[in-house]
Amino acid sequence: MRPPARLAAALATLVLLAGCSKDHGVIAPRLAGPPIVIAFMSNRPPSTIGGNDIYFYDAASGDSATMPPGLDTFYDEGPMGLSADGRWLAFNSTRILTGTLATMFTYDVLIGETRLLNTPGSAPYYGAQSPALSGDGRYLAFHYITGGNLFDVSVALIDAQADTVVPVPGLHMPGAGEYDAALSADGKLIAFTSNRDGGSGVFLYSVAGDSLVPLPGLDTPYSETGVSISADGRYLAFHSNRPGGRGLFDVYVYDRQTESLLPMPGANSPLSEINPALSPDGRYVAYTSEDEGAGDIRLYDLVERKLVPVAGLNHPYFIDRFPSVSNRP
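Residues numbered from 1 in each chain as written. Predicted model: local features only at pLDDT ≥ 70, side-chain atom pairs only at ≥ 80, totals over all residues. Heavy atoms only, no water.

A. Structural view of the overall build of the chain. On a plain count of helices and strands, the chain comes out with one helix and 23 strands. Taking all 329 residues of the chain together, the buried fraction comes to 50%. If you take every contact in the chain between residues at least 6 apart in sequence, the share linking residues at least 24 apart comes to 45%. Here the chain displays about 14800 Å² of accessible surface, and carbon together with sulfur accounts for 56% of that area. (Helix = DSSP H or I, 4+ residues; strand = E, 2+ residues; numbered from the N terminus. Buried < 20%, exposed > 50% of the residue type's maximum accessible area, 1.4 Å probe, protein only. Contact = heavy atoms within 4.5 Å. Areas by Shrake-Rupley, 256 points an atom, 1.4 Å probe, with all protein chains shown as cover.)

Next comes the structure, spelled out in structure tokens:
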């Protein structure tokens, strides 16, 4: 008996991502790029005019980016966050569902099934945006609207499997805005942006300790936002307009072990580089660059200190943005 069409399509996608084994009599394709997958948001075809959808790019194969099965709708999909193992995707959507205002979903990459999360759509978590997953997809962080002003936002953490709230009382500062959260693989560290010091700065919160973790040498009076965190919590990537950069906004990576920024020659341009996303091992960082127009995604190797070719990723006439990076399944 044939599998359902949706399952068959999802399995076909995984075969393309993972390759085939010689044990089954098929020679696996040659893989030249990093063993990672980049999910991103784009308005390219076949997305509807004026709409956005989620696409996957396999950096190892370099094949053209594809839309995951079951995520092609008439509504906007994204931004999104991949789990480190590549199994789960959390994303925002404007799709209309009868009887609910929830707009956040999880997607099982293995079988192509989408699940509505109830907690982000219930009081007080209205307007939930920018989901980030833990390494195995169990925990999910996002920010939500708390008032009528631009920075009236706070960060929440939920157990996505149980669809229940995980308390993070020590993360919040009354009167401050907290947004764009990122999770370590174990879900025990939340990196986020806050205006609590008067500007936009990067902060790190320990869930177990219910307290902020110091980041010596990172804080400046300039705008630091769009934070991402490596699986082990050692590296933090962000964009900033601090002095000494090359463009309007530049991408930086902070090493908590050395308490310093990593050298990134050739990563930034005279325009803006924003919204970085670290690979789980902290070796690669993907980000949006405005160097060649409205928006392309670049990939940088922090060990080799150079840009990685991403043939098949960007579209020459449409905007590709908000990358999220996982290990290759």
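B. Broad picture of the pairing of strand S20 (residues 284–289). Judged by how many residues are buried, S20 sits mostly within the fold: six of six residues are covered. The two faces of S20 match: Tyr284, Ala286 and Thr288 on one face and Val285, Tyr287 and Ser289 on the other face are all buried. Pairing geometry for strand S19 (residues 273–278) and S20, over four bridges, is antiparallel. Paired with leucine 278 across the bridge in S20 is valine 285. (Pairing = 2+ DSSP bridges.)

C. Expanded view of the sheet that holds strand S16 (residues 235–240). Here we have four strands laid out as an open sheet, ordered S15-S16-S17-S18, and antiparallel in their pairing. Edge strands, defined here as strands with exactly one partner in the open sheet, are strand S15 (224–229) and strand S18 (260–261). As paired strands, S16 and strand S17 (residues 250–255) are joined by six bridges and run antiparallel to one another. Bridge pairing in S17 links serine 240 to aspartate 250.

D. Main features of a nonpolar patch on the surface. On the surface, Phe74, Tyr75 and Ile96 cluster together to form a nonpolar patch covering roughly 400 Å² of accessible area. As for its position among the elements, isoleucine 96 is in the loop between strand S4 (88–93) and strand S5 (104–108). (Patch = residues over 30% accessible without salt bridge, like charges linked within 9 Å, V, L, I, M, F, W, Y side chains within 5 Å. Salt bridge = Lys/Arg side-chain N within 4 Å of Asp/Glu carboxyl O.)

E. Just the pattern of salt bridges, in detail. Overall, the coordinates contain 12 salt bridges when judged by the stated rule. In this structure, glutamate 224 engages arginine 242 in a salt bridge whose closest nitrogen and oxygen atoms are separated by 2.7 Å. Of this pair, glutamate 224 sits in strand S15 while arginine 242 sits in the loop between S16 and S17; the two residues are 18 residues apart in sequence, bridging distant segments of the chain. Each member of the pair, glutamate 224 as well as arginine 242, is classed as buried. Arginine 234 is paired through a salt bridge with aspartate 255; the nearest N and O atoms lie 2.8 Å apart. Of this pair, arginine 234 sits in the loop between S15 and S16 while aspartate 255 is found in strand S17, placing the two residues 21 residues apart along the sequence.

F. Representation of the environment of threonine 193 in the model. Inspection of the secondary structure puts threonine 193 in strand S12 (residues 189–194). Overall, threonine 193 belongs to the buried group, its relative accessible area being 0%. The spacing of threonine 193 and valine 227 is 34 residues in sequence and 6.9 Å in space, taken between C-alpha atoms. Excluding anything up to four places from it in sequence, threonine 193 contacts Gly177, Glu178, Tyr179, Asp180, Ser200, Gly201, Glu224, Thr225, Gly226 and Val227. A distance of 3.3 Å separates polar atoms of two side chains, one belonging to threonine 193 and the other to threonine 225. (Polar contact = N/O pair within 3.5 Å; in protein donor to acceptor, adjacent residues only side chain to side chain.)

G. Local environment of the pairing of strand S11 (residues 178–183). Counting buried positions along S11 gives five out of six residues, so the element sits mostly inside the fold. With four bridges joining them, S11 and S12 adopt antiparallel strand pairing. Residue pairing for S12: alanine 182 is matched across the bridge by alanine 191.

H. Geometry of the sheet that holds strand S3 (residues 77–82). Overall, antiparallel pairing links the four strands, which are arranged S3-S4-S5-S6 in an open sheet. Strands with a single pairing partner mark the edges of an open sheet, and in this sheet they are S3 and strand S6 (113–116). Taking each pair of neighbouring strands and ignoring which way they run, the sheet shows an average axis angle of 30°. Bridging between S3 and S4 involves four bridges; their strand directions are antiparallel. Counterpart to glutamate 77 in the pairing with S4 is serine 93. (Axes fitted to C-alpha atoms, helices over the stretch in contact; angles between N-to-C directions.)

I. Looking closely at unusual backbone geometry. Along the chain, proline 45 connects to proline 46 via a cis peptide bond; the corresponding omega equals 15°. Along the polypeptide, proline 46 turns up in the loop between strand S1 (36–42) and strand S2 (53–58). Note that the residue after alanine 123, namely proline 124, is joined by a cis bond; omega there is 0°. Topologically, proline 124 is positioned in the loop between S6 and strand S7 (129–133). Unlike most non-glycine residues, aspartate 163 shows phi in positive territory, near 55°.

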